[in-house]
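Next come the chains, spelled out residue by residue.
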Amino acid sequence: MNEKKKANHQSYELIRDKILSGELASGTKITEEKLANDLGFSRTPIRESIRRLEYEGLIVKKKVLKPTEKNLRDIFQVRMLLESHAAKSAATYASQEDLDALLQCVETGKNGLYEEIMEANERFHQIIVQKSGNEVLIDTIDRMQSIIYLFRRTVVSYDRPFLIEEHEEIYQAIRNREMEKAAELMRSHLQKDLDFCLHLLHN
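Given the structure is predicted, the values throughout are model-derived calculations rather than measurements.

### Some thoughts on the pattern of salt bridges
- Tallied over the full model, the rule gives 19 salt bridges.
- The partner of Glu83 in a salt bridge is Arg79, with the nearest N and O atoms 2.8 Å apart. Residue Glu83 and its partner Arg79 are both found in helix H4 (residues 69-93); the two are separated by 4 residues, about one turn of the helix. Like Glu83, the residue Arg79 is buried in the burial classification.
- Two residues, Lys131 and Asp98, come together in a salt bridge whose shortest N-O distance is 3.0 Å. Separated by 33 residues along the polypeptide, Lys131 in the loop between helix H6 (114-130) and helix H7 (135-143) and Asp98 in helix H5 (residues 96-111) bring together distant segments of the chain.
- Looking at Lys131, the relative accessible area reads 23%, which means it is partly exposed.
- The class for Asp98 is buried, based on a relative accessible area of 15%.
- Three or more residues are tied together by salt bridges with common partners; here these are Glu32, Arg43 and Arg47.

So, in structure tokens, the structure goes:
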């Protein structure tokens, strides 16, 4: 990786992590000059990083994303369509290794510490998305990962009821090769995530 690409990547990761950790809170105005001074980069990599974060949806109109009800509904609608399809595919194509990994995610979700639960939650959905075998679907979800992380942090931090039990039901449907049931359970699971996030947003 050349120096220019390295600086672009490092500044992107630093800004993204500040947003995801809440250090740069929702609604914060983003200015190239201030970030360049704070992070010790020239303005060119900072500009590239902001552009990339705008593409990913974490920065909107030069401010850190402040999710509205419409944002939430739009994002989850796309996830429901794509991930329910992926769950259906997983019920057809998941190998024993995939099933073991999904079960491990469920077990970590039950017994793990906060960061472990966050990782297990992400990995669970990742394994299922990969099983779609559809590069466009995988790329679309991948591009949404940063925003998905924000909502994942919300449902894990606020301890959404039955989150892990739903993962376990999805795993069982995939293991039993019940394609339609796996798809419907995934759609329902994400609808409950959406409802939970909307409830917090309104309160």
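This is not the end of the story, as more comes after the structure.
### Quick word on the packing of helix H8 (residues 145-157) against helix H10 (residues 179-202)
- Between H8 and H10, whose axes approach to 10 Å, the crossing angle comes to 80°. The orientation of H8 relative to H10 falls into the category roughly perpendicular. Between H8, through Phe151, Thr154 and Val155, and H10, the contact on the second element is made entirely by Asp193, Phe196, Cys197 and Leu200.
- For the contact of H8 with H10, the class distribution of residues is 5 nonpolar, 1 polar and 1 charged.

### Examining the nonpolar core
- In this structure, Ile15, Ile19, Leu35, Ile46, Phe124, Ile128 and Ile174 are the most contacted members of the largest nonpolar core, which totals 62 residues.
- When near neighbours in sequence (up to four residues on either side) are disregarded, Phe124 contacts Leu102, Cys105, Val106, His167, Ile170 and Tyr171.

### With respect to the layout of surface pockets
- Computed from the structure, the largest pocket encloses a volume of approximately 470 Å³.
- Ser26, Pro67, Leu150, Arg153 and Thr154 are the residues nearest the centre of the largest pocket, which is lined by 18 residues in total.
- Of all the secondary structure elements, the ones that give two or more residues to the lining of the largest pocket are H8 and H10.
- By residue number, the principal contributor to the lining of the largest pocket is H8, which donates 5 residues.
- A breakdown of the residues in the lining of the largest pocket according to their chemical character gives 13 nonpolar, 4 polar and 1 charged.

Reading the values: rules and limits
Residues numbered from 1 in each chain as written. Predicted model: local features only at pLDDT ≥ 70, side-chain atom pairs only at ≥ 80, totals over all residues. Heavy atoms only, no water. Salt bridge = Lys/Arg side-chain N within 4 Å of Asp/Glu carboxyl O. Helix = DSSP H or I, 4+ residues; strand = E, 2+ residues; numbered from the N terminus. Buried < 20%, exposed > 50% of the residue type's maximum accessible area, 1.4 Å probe, protein only. Axes fitted to C-alpha atoms, helices over the stretch in contact; angles between N-to-C directions. Parallel < 35°, antiparallel > 145°, perpendicular 65-115°, else oblique. Contact = heavy atoms within 4.5 Å. Nonpolar A, V, L, I, M, F, W, Y, C, P; charged D, E, K, R; others polar. Core = buried A, V, L, I, M, F, W, Y, C linked by side-chain atoms within 4.5 Å. 1 Å grid on protein atoms, 1.4 Å probe; cavity = no way out; pocket = protein on both sides within 12 Å on 5 of 7 lines; lining within 4 Å. Points joined across faces, edges and corners; volume = space filled by probe spheres on them.

Shape is all these values report; function is a separate question.
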